[in-house]
Amino acid sequence: MAPGAGYVMTAASTEVRRVPNDHAPLPAMILSWPGTRALIAVVALFVVSPLIAPGSVGPTAIVSMLPFAALMAIVAIGQTLVIQQGGLDLSIPGAVTLGALIVARFGGDDALGLPLAIVVAIAGTAVFGLVSGVVITVFGLPPLVVTIAINALLIGTVQALSGGFAGQSPQALSQFALSRVGGVPVLVFFAVGLVVVAHVVVKWTRLGRRFELVGENPRSAANVGIGTRGYTIAAYTLSTALAAVGGVLLAGLLRTPTLTAGDDYLLPSIAAVVLGGTALTGGRGSIVGTALGALFLAQLSQLVQTFTQATAVQNIVQALIIGVGIVAQLQLGGSTSRMRAMMRRRSGAATPIPE
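Let me begin by describing the structure that accompanies this report. What you see is a predicted model, and the numbers here were worked out from it, not measured in a lab. (Residues numbered from 1 in each chain as written. Predicted model: local features only at pLDDT ≥ 70, side-chain atom pairs only at ≥ 80, totals over all residues. Heavy atoms only, no water.)

### A closer look at the environment of A198
Piece 1. Examined against the element boundaries, A198 turns out to sit in helix α8 (residues 186-204).
Piece 2. Judged by its relative accessible area of 15%, A198 falls in the buried class.
Piece 3. Note: C-alpha distance between A198 and V288 (90 residues apart in sequence) is 9.0 Å.
Piece 4. Beyond its immediate sequence surroundings of up to four residues, A198 is in contact with I77 and I287. (Helix = DSSP H or I, 4+ residues; strand = E, 2+ residues; numbered from the N terminus. Buried < 20%, exposed > 50% of the residue type's maximum accessible area, 1.4 Å probe, protein only. Contact = heavy atoms within 4.5 Å.)

This is how it looks when you write it as structure tokens:
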């Protein structure tokens, strides 16, 4: 959605229409975009990086970093959808690992074959997300408890299928994951394509606007005749499916994935979403901001690795990003709400749908 514009929905109709706002100043419009913080952070990081460690921004370093940023963005898109519904998906590690395992162990010509293995990896993992969504919406259980349990089921499935060994990815998958177009890793184009599709669907379609309304205010959405459960279930299903896609591509990138390959994606996926400006309370968010957050984290990780290989340091940095992001959202939440109230009064809208 364009900054400075809102959407309204009346009880008599489920049609969502744009309400223009020509009175908001340009700086306020720019700052109101959820991904502004991530964009500023990315620019600042790439300006500072050569001053701290010149080798971290060289052509070789950038090309090596971008595939992992792309994978992070793919996984974080799904996490964004869940957080927009006011939830949190802690089953990401198991979903990424299961996706990688299935395609590595069963993608050979002597097993399922690569195309079928990819379909099974994504669809089979998505079933776990479907179960999460159903349990959360039907039984009203906390998302954290449900997704932790689902993650345990995913890890158990990985252990049962692997026999302690993940296997080696098919050569065709590795060639794709490691290939470049014009010197740019092909995974970057793949991730950008997914980001564009997700952004267009969420921001520029009636389905996406209803999705954001359900996340912002489920009661209001139900009052105007929108079925809220389906959107929440879809968010968890898509989250695990996208995590599996990330796992499949990770298997090709690593060639021999480990049985803990997904462990590195839980905290960063949340940090990317928070840095990208998506509200942890649900509703308003930015897929593009999440992708920028993933790019920031990948470059930051590379910068940290120039000084230390300690995973603990990287986890501390990511945790700090989440903490600072939450505080920033709380600080900005009040002023943003006041600005939206002013916009509604000027437009005469009765029941707003957030951007």
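On we go from here.
### Considerations on helix α12 (residues 266-275)
Piece 1. Counting buried positions along α12 gives 8 out of 10 residues, so the element sits mostly inside the fold.
Piece 2. All of the buried residues in α12 are P268, S269, I270, A271, A272, V273, V274 and L275.
Piece 3. Taken from the residues just after α12, G277 is the one with a positive phi, measuring 95°.

### Side note on the pattern of salt bridges
Piece 1. Counting across every chain of the model gives 1 salt bridge.
Piece 2. Its salt-bridge partner being K203, residue E212 comes within 2.8 Å of it at the nearest N-O pair.
Piece 3. Residue class for E212 comes out buried when judged on its relative accessible area of 0%.
Piece 4. Under the relative-accessibility criterion, K203 is labelled buried at 7%. (Salt bridge = Lys/Arg side-chain N within 4 Å of Asp/Glu carboxyl O.)

### Remarks on the packing of helix α5 (residues 114-139) against helix α6 (residues 143-162)
Piece 1. Where α5 meets α6, the axes come as close as 10 Å, and the angle between the chain directions of the two elements is 155°. Considering their axes alone, α5 and α6 lie roughly antiparallel with respect to each other. As for the relative orientation of α5 and α6, their crossing is right-handed in sense. Across the interface between the two elements, T125, F128, V131, S132, V135 and I136 from α5 touch P143, V146, T147, I150, L153, L154 and T157 from α6. (Axes fitted to C-alpha atoms, helices over the stretch in contact; angles between N-to-C directions. Parallel < 35°, antiparallel > 145°, perpendicular 65-115°, else oblique. Left-handed = near helix turned anticlockwise from the far one by under 90°.)

### What about unusual backbone geometry?
Piece 1. Even without a glycine there, the phi angle at R255 is positive, about 70°.
Piece 2. Tracing the sequence through the fold places R255 in the loop between α11 (228-254) and α12.

These figures come from the coordinates and say nothing about function on their own.
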